[in-house]
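Residue-level listing of the chains:
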Amino acid sequence: DDGYRLWLKYELVKNASLKAEYLKYATFIAQTAEGDIVQSASRELHMGLSKLLGKSVHVTNSFEGKSGGIVLKLESGPDPTQQAEGYRIQLAGGNIVVSSKSENGILYGTFVLLRHMQMRLPVKGLSLASSPKVRFRMLNHWDNPDGTIERGYAGQSLWKWYELPERVDPRYTDYARANASVGINGTVLNNVNASARFMSQEYIVKVAAVANVMRKYGIKTYLSVYFAAPKTLGGLTTSDPLDPQVRAWWKEKVAEIYKEIPDFGGFLVKANSEGEPGPQDYGRTHADGANMLAEAFKPYDGIVVWRAFVYKADPNADRFKAAYEEFVPLDGKFDPKVIVQVKNGPIDFQPREPFSPLFGNMPKTPLGMEFQITQEYLGFATHAVYEAPIFKECLDSDTYVNGEGSTVAKVVDGSLHGYARTLMAGVANTGNSRNWTGHPLAQANWYAFGRLSWDHQLSSEHIAHEWVALTLTENQKASGHIVKLMLRSREIYVDYNTPLGLSRPWMGVHFAPEPWENKGSRPDWTAIYYHRADSVGLGFDRTASGSNALAQYRPQVQQQWNHSDQTPLPYLLWFHHVRWDKKLSTGRSLWAELCTRFYTGADSVVWMQQQWDLAKGSLDPQIYTDVAERLKVQRREAIWWRDAWVLYLQTFARQPIPAGFEPPKRTLEEVKKSVNVYLIR
Ligand code: BDP
C-alpha cells in the first residue's frame, strides 16, 4: 500500500453477513437530481460500492416504486433544521436516501455513507444528519509558481503550472475527492507570500483549469494576492488602496478572473507582514486595503480573507501583542465581505500556544481561524504529531468575552457575535509525494482538520479512531494501539521540544534545535528573545511586571495565567520568568522539571515505537516499515533536541542533570556543530 488512496480505500467487505446487509441496498443507485456535483456523488458511490462489495451497481435517474437501492435526492422546501450544505441519510421505502438542499450536501452525505460502510457499521436503523458549523472550510496552500512549497515537507507542489491549462493532472481530481470527503469546500492554490504572476491572464487561465476540477466536488478556488500587483504587474505608479486608478485596476482584475472562473472564491491577503507590501506603505490601514479589494468583489459572491499575522519590527515590543494592537482598533471598519484570518496563537504555530487574544475582541468583524496542518514547527515529515488536540485545545479555550462558555469555537463558528460569514483555514501539508503528506500518519492531520472544520465538537479521539479504521486497519486491538500513540504524540513532542511553555527555539530552519541563536536582524528573529534564559531563570514575563500582554485577555483568563504558582505548567513560561530553583506543583524545581520533561519526552518515542510494533501484524508492510523507520529518526532527533536544550540551559542554571537521567554523551559545542551541519547551504 503506497498510501495514495488516503482514507478512501474502500477495501472489500469480508464479513459475509455485513456484506449481505450492504448488498440489500446495492441493487441500484438513483441519481434523481442533475448537476456536476451530484454526478460526482453518484460516480463516487458507484466506485466505492464496486470496491467495497465487488459489484458494479447500476446507476439510474428514477426509482419509482423500487426498493433496495441508494437514492441521491435534492430536498426542496424550507427546513429550518438544516443548512444548505447539511445532509440527511435515512432509510425510506426500502432504500437508503441521501438528501440535502444542495448538491454539496448530497456529495457530503454520500461520502458519509461510504465512510459508514468503510467502518463496517450496520445499515439497520441508519439515520444520520449533520450540518457544517463553519461556512468556509478551506485549505491554504503555501505553494509557489516554481513548484516549491514554503514549509512543505511532502515533495513539490501538486499544481503543475508549467503544463496547465492544457494538461490537467488526474491527481487534482483525487485531491478534490479527498477534500470533499471531509467537507472542505475551498482551496487557496498559492502561497500567502504571493507572486503577482497569479494575476496575469496567463495564470488566470491556468487557475481556471484547476477550478474546473474543484467545482465538480463543491470546492471553490481562491488565490493569494500580492498587494503591490497594480504596480509590478499593472505598471501603475502606486498600489495605494485609495488611489482611483488602483481601485479600477483591481476591479478589472477581479472581473477578468470571474470571466474565466464564474464561481471564484476570493482573495487571501498577507499584507504588511514579514516584508510583504500592503496598505501601510501608503499610510493606509489594513481596513483600507481589505475594503478596496472587497469593493472589487461587490458584483460577485467572492470574499476577501485578510490575514492578521502582523508584527512590526520594534526592538522593545512583545510580538505576542502585535496583531491585537493593530487589528482591534479596526473592529467595525471592515467591509462585510471581509473575513480577518487569525492564527490560533499569538506568535506562530508553536507546538503549544495560548489562544490568540484577538478571538473575542473583534465582535464586529468576522474572525476566521488559521491552523497549520503542515508541520513547520512539529518536526516536518519525520516526527509523528497528531494535531487534532492542538486544534481542539484552541477551539475549546474560553475567551470569557460574553461570560463563561464564550469559547474560541463560538467566535469562529459565528454563534457568539452573530457573524454570518465564518471560516476555518488549514495550511496544507500536501505535496506530490506518492502518499500526499510525506509521513503516513500526517494524513490524519489533513483528515482531522477537515472533520473539525465541519464539526468542531468532534473529539480528537473520535477522529483518530475513524481515520485509523479507514486508513490503516480494521483490527480493533491494533487500532487501539495506534490511536493511543496518536493521542499522546503531541505531548511527547512538546516534552522534548518546548516543554512548560517554551517557544520558538529555532530561527531559519524551523527544525534543528538552536535555542542559543542570537544573531537575527531584529530581536524577535532570534531564539533567545522567546525563552529569555538568564542566570536567574527562564521564560517571558507577560504579566504587568513584564510586557503585560496578559491584559489583552479578559480578567478570568488573566486570572488563570497571572500568578506563576497557579499557571498551569503547559503555559508557565509563556507568561512568567521563573527562577531555576522555584519549586513547581510537581514538587520539582524548574530545572529538574525541565530535565524530566526533556528526558521523558525523548524516551517516550520508544513507547511510540512499541505501540506501532504492537500493531504490526495488522498493518500493510509498506506503511508499517515507512512509519517504523521514521520513528527511528524521531527517536534520534528527540535525543538531539533534549541534549541541545539541557546542555544549553545548564550554562544558565549551573546545576547538574538530576539523578536518574544519564547526562548527554556530547558537549554543547558538539551539539552546536551538529546543528550547524543542517544549516550549511
Ligand atoms: C511563518 C512561516 C513563514 C510564513 C509565515 C506566514 O515561517 O514561512 O510565510 O508564517 O504565515 O510561520 O505568513
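Residues numbered from 1 in each chain as written. Predicted model: local features only at pLDDT ≥ 70, side-chain atom pairs only at ≥ 80, totals over all residues.

Asks: Break down the overall build of the protein chain for me, with residues and values.
Replies: Broken down by element type, the protein chain carries 20 helices and 16 strands. Taken over C-alpha atoms, the radius of gyration comes to 26 Å for the protein chain, in line with the 26 Å a tight globule of 681 residues would show. Along the longest, intermediate and shortest principal axes, the C-alpha atoms of the protein chain span 80 × 65 × 50 Å. Within the protein chain, residue pairs in contact and separated by at least 24 positions form 72% of the contacts whose partners lie at least 6 positions apart. (Helix = DSSP H or I, 4+ residues; strand = E, 2+ residues; numbered from the N terminus. Rg over C-alpha atoms; globule rule 2.2 N^0.38 Å. Contact = placed C-beta atoms within 7 Å.)

Asks: If you had to explain the domain arrangement of the protein chain to someone new, which residues and values would you point to?
Replies: According to the domain assignment, the protein chain consists of domain 1 (16-130), domain 2 (136-471) and domain 3 (494-540 + 577-679). The C-alpha centroid of domain 3 is placed 31 Å from the C-alpha centroid of domain 2. Each side of the interface is counted separately: domain 2 has 18 residues, and domain 3 has 19 residues. By residue class, the composition of the side of domain 2 that touches domain 3 is ten nonpolar, five polar and three charged. (Domains from an automatic or database assignment. Nonpolar A, V, L, I, M, F, W, Y, C, P; charged D, E, K, R; others polar.)

Asks: I'd like to hear about the site of the ligand, residue by residue, with values.
Replies: Taken together, Glu-150, Arg-151, Val-192, Asn-193, Lys-270, Glu-274, Phe-309, Asp-348, Phe-349 and Glu-376 form the complete shell of residues around the ligand. Among the residues forming the shell around the ligand, the class breakdown is three nonpolar, one polar and six charged. (Near = placed C-beta within 6 Å.)

Asks: Outline the UniProt feature "domain: Glycosyl hydrolase family 67 catalytic" (unreviewed entry) in the protein chain, supporting the account with residue identities and numerical values.
Replies: What UniProt calls "domain: Glycosyl hydrolase family 67 catalytic" (unreviewed entry) maps, in this numbering, to residues 117-436. Across residues 117-436 one finds 26% helix and 14% strand; the C-alpha atoms that close the span lie 24 Å apart. (UniProt positions renumbered as here; feature names shortened; annotations may be inferred.)

Asks: Hey, could you go over the nonpolar core for me, with residue numbers and the actual values?
Replies: Val-98, Val-269, Leu-293, Val-304 and Val-340 are the most contacted members of the largest nonpolar core, which has 214 residues in total. If we ignore the near neighbours within four places in the chain, the residues touching Val-340 are Trp-306, Ala-308, Phe-327, Phe-334, Met-362, Thr-365, Leu-367 and Gly-368. (Core = buried A, V, L, I, M, F, W, Y, C linked by C-beta atoms within 7 Å. Buried ≥ 20, exposed ≤ 12 C-beta atoms within 10 Å, placed from the backbone.)

Asks: Before we move on, could you go through the UniProt feature "domain: Glycosyl hydrolase family 67 C-terminal" (unreviewed entry) in the protein chain and cite the residues and values that matter?
Replies: The feature "domain: Glycosyl hydrolase family 67 C-terminal" (unreviewed entry), as given by UniProt, occupies residues 437-661 in the numbering adopted here. Along residues 437-661 one finds 53% helix and 2% strand; the C-alpha atoms at either end are 35 Å apart.

Asks: Go over the packing of helix H4 (residues 171-181) against helix H5 (residues 201-215), please, and point to the residues and values.
Replies: Taken N-terminus to C-terminus, the directions of H4 and H5 make an angle of 45 degrees; their axes are 9 Å apart at the nearest point. Here H4 lies oblique to H5, going by the angle between them. Judged by the sense of rotation from one axis to the other, the crossing of H4 with H5 is right-handed. Counting all contacts with H4, which are made through Tyr-172, Thr-173 and Ala-176, the residues of H5 involved are Val-210, Val-213 and Met-214. When the residues that make up the contact of H4 with H5 are grouped by side-chain class, the tally is five nonpolar, one polar and no charged. (Axes fitted to C-alpha atoms, helices over the stretch in contact; angles between N-to-C directions. Parallel < 35°, antiparallel > 145°, perpendicular 65-115°, else oblique. Left-handed = near helix turned anticlockwise from the far one by under 90°.)

Asks: Report on helix H19 (residues 621-653), specifying residues and quantitative values.
Replies: The terminal C-alpha atoms of H19 lie 47 Å apart, and with 33 residues this matches the ideal 48 Å at 1.5 Å per residue to within 8%. Trailing H19 by a residue or two, Arg-654 shows a phi angle of about 50 degrees, which is positive. (Expected span 1.5 Å × (residues − 1).)

Asks: Just give me the short version of the sheet that holds strand S8 (residues 186-188), but keep the residues and values in it.
Replies: Taken in spatial order, the eight strands close into a barrel running S7-S8-S9-S10-S11-S12-S13-S14, and their pairing is parallel. Pairs of neighbouring strands in the sheet enclose a mean axial angle of 25 degrees, with direction left out of account. Sheet topology note: the strand S10 (residues 266-269)/strand S11 (residues 303-307) ladder contains four bridges and is parallel. If you follow Val-269 over to S11, its bridge partner there is Trp-306. In the packing of H5 onto the sheet, contacts are made with S8 and strand S9 (220-225), and the angle to S9 comes to roughly 145 degrees. (Pairing = 2+ DSSP bridges.)

Asks: Lay out the sheet that holds strand S2 (residues 59-60) in plain terms, naming residues and giving numbers.
Replies: Across a sheet, paired strands are connected by hydrogen bonds in the backbone, their directions being either parallel or antiparallel. Taken in spatial order, the six strands line up as S2-S1-S3-S5-S4-S6 in an open sheet, and their pairing is mixed. A single partner strand is all that each edge strand has here, and the edge strands are S2 and strand S6 (127-130). Bridge analysis of strand S4 (residues 87-92) against S6 gives four bridges, and the strand direction is antiparallel. Within the sheet, the bridge partner assigned to Arg-88 lies in S6 and is Ala-129. Strand contacts of helix H2 (residues 36-53): strand S1 (28-31), S2 and strand S3 (69-74), with the helix running at about 175 degrees to S1, the strand carrying the most contacts. Each of S3, S4, strand S5 (95-100) and S6 is contacted by helix H3 (residues 103-118), which is oriented at about 60 degrees to S4, the strand it contacts most.

Asks: How would you explain unusual backbone geometry if you had to name every residue and give the values?
Replies: That bond from Leu-164 to Pro-165 is cis: its omega, 5 degrees, falls within 30 degrees of zero. Relative to the assigned elements, Pro-165 resides in the loop between strand S7 (136-140) and H4. At Trp-436, a position not held by glycine, the phi torsion is positive, near 80 degrees. Relative to the helices and strands, Trp-436 is located in the loop between strand S14 (423-427) and helix H12 (443-454).

Asks: Outline the pairing of S3, listing residues and values.
Replies: S3 sits mainly inside the fold: five of its six residues count as buried. Pairing geometry for S1 and S3, over four bridges, is parallel. Counterpart to Ile-29 in the pairing with S3 is Ile-70.

Asks: Describe the pairing of S9, with residues and values.
Replies: Among the six residues in S9, six count as buried, and that is most of the element. Here S9 shows a buried face lined by Lys-220, Tyr-222 and Ser-224 and a second buried face lined by Thr-221, Leu-223 and Val-225. As paired strands, S8 and S9 are joined by three bridges and run parallel to one another. Each residue of the ladder has a partner; that of Thr-187, found in S9, is Thr-221. A crossover connection joins S8 to the parallel S9 through H5; in handedness this β-α-β unit is right-handed. (Right-handed = clockwise from strand over helix to strand, strands pointing away.)

Asks: Any chance you could break down the environment of Arg-642 for me, citing the residues and the numbers?
Replies: Checked against the element boundaries, Arg-642 lands in helix H19. What makes Arg-642 buried here is the crowd of 25 C-beta atoms within 10 Å. Separated by 144 residues in sequence, Arg-642 and Thr-498 have C-alpha atoms that sit 9.8 Å apart. In this view, Arg-642 contacts Tyr-496, Phe-598, Tyr-599, Gly-601 and Ala-602; residues no more than four positions away in its chain are not counted.

Asks: Tell me about the environment of Leu-472, and please be specific about residues and values.
Replies: By secondary structure assignment, the location of Leu-472 is in the loop between helix H13 (460-471) and helix H14 (476-497). In contact with Leu-472, not counting residues within four places along its chain, are Ile-482, Leu-619 and Ile-623.

Asks: Hey, could you go over the environment of Thr-473 for me, with residue numbers and the actual values?
Replies: Summarising the element assignment, Thr-473 is placed in the loop between H13 and H14. Those residues in contact with Thr-473 that sit more than four places away from it in its chain are Val-468, Ala-478, Ser-479, Ala-615, Ser-618 and Leu-619.

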